Amino acid sequence: CVLFDQTKALGLIKQHTITTLCNAAQQVAPRKDAQVSNTEDLFGLYYGKFRTCAPRIKLLMDQVEEKAAERPEYQLLLQDCQQCYFSQRLALLQPSLSQFMQQLVSTHGKDPAALMRAGGTFMVRL
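Residues numbered from 1 in each chain as written. Predicted model: local features only at pLDDT ≥ 70, side-chain atom pairs only at ≥ 80, totals over all residues. Heavy atoms only, no water.

Caption draft 1: Spotlight on the nonpolar core. Counting nine residues, the largest nonpolar core consists of Leu10, Ile13, Met61, Val64, Ala68, Tyr74, Leu77, Leu78 and Cys81. Contributions of two or more residues to this core are made by helix H1 (2-28), helix H2 (39-68) and helix H3 (72-108). A total of four residues in this core trace back to one element, the largest contributor, which is H3. Non-local contacts of isoleucine 13, meaning those with residues more than four positions away in its chain, are made with Leu60, Met61, Val64 and Leu77. Counting seven residues, the second-largest nonpolar core is a separate cluster that includes Phe50, Ile57, Cys84 and Leu92. (Core = buried A, V, L, I, M, F, W, Y, C linked by side-chain atoms within 4.5 Å. Buried < 20%, exposed > 50% of the residue type's maximum accessible area, 1.4 Å probe, protein only. Helix = DSSP H or I, 4+ residues; strand = E, 2+ residues; numbered from the N terminus. Contact = heavy atoms within 4.5 Å.)

What follows is the structure in structure tokens.
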């Protein structure tokens, strides 16, 4: 009975975390027909939205991380939640990153030093 309750509780934690992350991503996801005007503003929006929902899941993830070293079911839960986080962030950031990289190359393509400076500046802001 205790094992069933623990499994159910871990499932609820996973469901809550994944739902929260997916909702945050959906709220800031650009429409397919929308044009990206300022890539840096988009990154701020993406970061801000995920930062806003972080307190809702931080306490849960802190507890899961504590137990993950000792218990494989917690390690699996932590991996699933991290995978969800990274996949949601990748889906949001990849199109904007690609567009920004193309802009950098077209603007600074013939000057490797300027390209590196602009890329480095962007990475610091990201």
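Caption draft 2: Quick peek at the side chain of threonine 17. With respect to the helices and strands, threonine 17 occurs in helix H1. Note on threonine 17: relative accessible area 1%, which makes it buried. Setting aside chain neighbours within four positions, we find threonine 17 in contact with Ile57, Met61 and Cys81.

Caption draft 3: The arrangement of H3 in detail. The principal kink in H3, of about 40°, is found at leucine 93, preceding the proline proline 95 by one to four residues. Along H3, the residues that are buried comprise Tyr74, Leu77, Leu78, Cys81, Cys84, Gln88, Arg89, Leu92, Leu93, Ser96, Phe100 and Leu104. (Bend = angle between axes of the 7 residues up to and from the residue.)

Caption draft 4: Layout of the packing of aromatic side chains. Per the counting criterion, the structure on display carries two aromatic pairs. Each ring, one from tyrosine 85 and one from phenylalanine 86, has its centre 5.2 Å from the other, and the planes form 75°; the classification is edge-to-face. Exposure remark for tyrosine 85: the relative accessible area of 32% places this residue in the partly exposed category. Taking the relative accessible area as the measure of exposure, phenylalanine 86 reaches 52% and is therefore exposed. Between phenylalanine 100 and phenylalanine 122, the aromatic rings sit 3.9 Å apart at their centres with planes inclined by 25°, giving stacked as the arrangement. Taken as a pair, phenylalanine 100 in helix H3 and phenylalanine 122 in helix H4 (residues 112-125) lie far apart in primary sequence, 22 residues in all. (Phe/Tyr/Trp six-rings, centres within 6.5 Å; stacked < 30°, edge-to-face > 60°.)

Caption draft 5: Region of the structure containing the packing of H3 against H4. Where H3 contacts H4, the axes come no closer than 9 Å and their chain directions differ by 150°. On the basis of their axis angle, the class for H3 and H4 is roughly antiparallel. The chirality of how H3 crosses H4 is right-handed. The segment H3 lies against H4, with Leu97, Phe100, Leu104, Val105 and His108 engaging Pro112, Ala114, Leu115, Ala118, Gly119 and Phe122. Looking at the contact of H3 with H4, its residues break down into nine nonpolar, two polar and no charged. (Axes fitted to C-alpha atoms, helices over the stretch in contact; angles between N-to-C directions. Parallel < 35°, antiparallel > 145°, perpendicular 65-115°, else oblique. Left-handed = near helix turned anticlockwise from the far one by under 90°. Nonpolar A, V, L, I, M, F, W, Y, C, P; charged D, E, K, R; others polar.)

Caption draft 6: Geometry of the side chain of glutamine 88. Along the chain, the position of glutamine 88 falls in helix H3. Overall, the relative accessible area of 19% leaves glutamine 88 in the buried class. Not counting chain neighbours up to four residues away, the residues in contact with glutamine 88 comprise Leu21, Cys22, Ala25 and Phe50.

Caption draft 7: Focus on the environment of phenylalanine 122. Taking relative accessible area as the criterion, phenylalanine 122 reaches 2% and is therefore assigned buried. Along the backbone, phenylalanine 122 and phenylalanine 100 are 22 residues apart, and their C-alpha atoms lie at a distance of 9.3 Å.

Caption draft 8: Expanded view of the pattern of salt bridges. Applying the stated rule across the entire model yields three salt bridges. A salt bridge links aspartate 62 to lysine 58, with the shortest nitrogen-to-oxygen separation between them at 3.0 Å. Of this pair, aspartate 62 and lysine 58 both sit in helix H2, four residues apart, roughly one helical turn. Relative accessible area serves as the criterion here: at 49%, lysine 58 is assigned to the partly exposed category. Notably, a salt bridge pairs glutamate 73 with arginine 71, separated by 2.9 Å at the nearest N-O pair. (Salt bridge = Lys/Arg side-chain N within 4 Å of Asp/Glu carboxyl O.)

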